[in-house]
Amino acid sequence: MSYSIGIDLGGTHVKAVAASSAGDVLARLSAETGVEWKEKIAGLVTQLEAGQQAPADFIGLAAPGLAAADSRSDASLPGRLPGIEGLDWTAFLQRAKPVTVVNDAHAALLAEAWCGAAVPFRHVIMLTLGTGVGGAILADGRLLRGAIGRAGHFGHVSIDSSIERSIAGTPGALELAIGNCSIQQRSRGRFTSTLGLIEAHRAGDFAATAIWTDSVRALGRALVGFINVLDPEAVIIGGGIGRAAGDLFTLLAAELDKFEWRPAGHRVQILPAALGAWAGALGAARFALDHDSQR
């Protein structure tokens with residue numbers, strides 16, 4: 001049976017799946033990233049192929065940063081995973097067919113469009129809310145990568161007049177308003193994680209509720225802008241913060257009710273991601289499959 005391997009290379013864990021051409025997960029494995037992340041990936045590929053008793057037809061890798069134009073390596077990932085920029089995965093894994101590389105948020109949306117929350121849509125955007133804010137755009141059923149693979153970095157859109165900058169140099173960036181990267185500053189040192197903030201909010205802590213509400217309102221206002229620019233049918237919210245369930249989606253819906261432009265009553269659906277932590281790996285497998293068909 002034809003199958004693909006998808007790998008999601010994160011800062012703390014590497015996740016890998018074997019997936020059929022229909023998107024069924026045949027096997028999944030994970031390992032801590034560590035300093036020997038290249039060898040960990042090679043080992044996971046070997047284990048998955050042994051389990052399937054056949055070589056994979058296609059292999060794809062998802063990682064943060066910008067993928068090269070030829071999709072064979074990471075072109076830009078400063079300050080993380082030394083040695084990954086320019087690494088040719090096809091050569092490293094000794095493969096005859098190209099091993100493709102795609103941005104991790106792009107991969108997550110590809111997976112959701114393949115077998116998750118975005119299946120019914122041809123025009124959809126996804127935001128991944130975690131340490132920062134990543135994202136991706138599906139336009140007329142196709143992933144929008146942009147000129148250098150930068151499309152979808154919603155977290156680096158300026159939403160206020162703050163002089164504080166995101167890691168991309170954007171002042172007043174969205175990810176500084178809701179990302180886990182700024183939670184200590186936003187809470188004046190009270191919380192070290194957004195999860196802790198949300199738990200305090202649920203427990204009736206008024207100060208925590210004020211901080212959380214301000215964060216979600218900032219996200220809502222940003223979404224109004226993204227909707228007006230990209231005109232999606234739906235917005236998919238994923239990432240660790242995206243699992244806040246009603247504490248996120250109820251507040252977000254109220255903000256969009258106030259500000260979303262709804263011609264003829266049309267409203268954009270705001271939906272939670274369906275595939276969880278394995279979306280990046282599954283999307284990497286899908287990207288490899290699509291890349292081969294396009295060749």
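Note that this is a predicted model, so its numbers are computed, not measured.

Chemist: Go over the pattern of salt bridges with me, naming the residues and quoting the values.
Modeler: Counted according to the given criterion, the structure contains 12 salt bridges. Between Glu 49 and Arg 95 there is a salt bridge whose closest N-O contact spans 2.7 Å. Remark: Arg 95 occurs in the loop between helix H2 (89–92) and strand S7 (100–103) and Glu 49 occurs in helix H1 (residues 37–52); sequence separation between them is 46 residues. Accessibility expressed as a relative area gives 14% for Glu 49, which makes it buried. Among the ionic pairs, Glu 255 bridges to Lys 258, the shortest N-O distance being 3.2 Å. Of this pair, Glu 255 and Lys 258 are both found in helix H8 (residues 246–259), 3 residues apart, which corresponds to roughly one turn of the helix. Judged by its relative accessible area of 51%, Lys 258 falls in the exposed class.

Chemist: I'd love a proper account of the sheet that holds strand S11 (residues 234–238), names of residues and values included.
Modeler: Spatially, 5 strands are ordered S10-S9-S8-S11-S12 in an open sheet, and the strand pairing comes out mixed. Both edges of this open sheet fall to strand S10 (142–143) and strand S12 (269–272), since each of them pairs with a single strand only. Direction of pairing for S11 relative to S12: parallel, over a ladder of 4 bridges. Among the inter-strand pairings, Ile 237 is bridged to a residue of S12, identified as Pro 272. Against the sheet, helix H3 (residues 104–115) contacts strand S8 (124–129), strand S9 (133–139) and S10, and its axis sits at roughly 50 degrees relative to S9.

Chemist: Give me the lowdown on the nonpolar core, citing residues and values where you can.
Modeler: Leu 127, Leu 129, Leu 219 and Leu 248 are the most contacted members of the largest nonpolar core, which totals 32 residues. Counting residues per element, the ones that place at least two in this core are S8, S9, helix H4 (174–178), helix H6 (194–202), helix H7 (206–230), S11 and H8. Among the elements that line this core, the one with the most residues is H7, at 10 residues. Ignoring sequence-local partners within four residues, the contact set of Leu 129 consists of Ile 178, Leu 219, Ile 237, Gly 238, Gly 239, Gly 240, Ile 241, Gly 242 and Leu 248.

Chemist: Describe the packing of H7 against H8, and please don't skip the residues or the numbers.
Modeler: For the pair H7 and H8, interaxial distance at closest approach is 9 Å and the crossing angle is 50 degrees. Relative to H8, the element H7 is oriented oblique. Considering only the axes of H7 and H8, their crossing is right-handed. Of the residues in H8, those touching H7 at Trp 212, Thr 213, Val 216, Arg 217, Leu 219, Gly 220, Arg 221, Leu 223, Val 224 and Ile 227 are Asp 247, Leu 248, Leu 251, Leu 252, Glu 255, Leu 256, Lys 258 and Phe 259. Its residues assigned to classes, the contact of H7 with H8 shows 11 nonpolar, 2 polar and 5 charged.

Chemist: Requested: an account of the packing of aromatic side chains, with residues and values cited.
Modeler: On inspection of all chains with the given rule, the structure shows 3 aromatic pairs. Note on Trp 37 and Trp 89: the rings are 6.2 Å apart at their centroids and 50 degrees apart in plane angle, and the pair reads as tilted. Note that Trp 37 is positioned in helix H1 and Trp 89 in helix H2, a separation of 52 residues in sequence. Aromatic pair Phe 154 and Phe 226: ring centres 4.5 Å apart, planes at 40 degrees, arrangement tilted. Residue Phe 154 is found in the loop between S10 and H4, and its partner Phe 226 is found in helix H7; the two are separated by 72 residues along the sequence. Pair check on accessibility: Phe 154 and Phe 226 agree, each one buried. Here the aromatic cluster, defined as three or more aromatic residues joined through ring pairs, consists of Trp 37, Trp 89 and Phe 92.

Definitions and limits used
- Residues numbered from 1 in each chain as written.
- Predicted model: local features only at pLDDT ≥ 70, side-chain atom pairs only at ≥ 80, totals over all residues.
- Heavy atoms only, no water.
- Salt bridge = Lys/Arg side-chain N within 4 Å of Asp/Glu carboxyl O.
- Helix = DSSP H or I, 4+ residues; strand = E, 2+ residues; numbered from the N terminus.
- Buried < 20%, exposed > 50% of the residue type's maximum accessible area, 1.4 Å probe, protein only.
- Pairing = 2+ DSSP bridges.
- Contact = heavy atoms within 4.5 Å.
- Axes fitted to C-alpha atoms, helices over the stretch in contact; angles between N-to-C directions.
- Core = buried A, V, L, I, M, F, W, Y, C linked by side-chain atoms within 4.5 Å.
- Parallel < 35°, antiparallel > 145°, perpendicular 65-115°, else oblique.
- Left-handed = near helix turned anticlockwise from the far one by under 90°.
- Nonpolar A, V, L, I, M, F, W, Y, C, P; charged D, E, K, R; others polar.
- Phe/Tyr/Trp six-rings, centres within 6.5 Å; stacked < 30°, edge-to-face > 60°.

The quantities given are spatial measurements derived from coordinates; they are silent on function.
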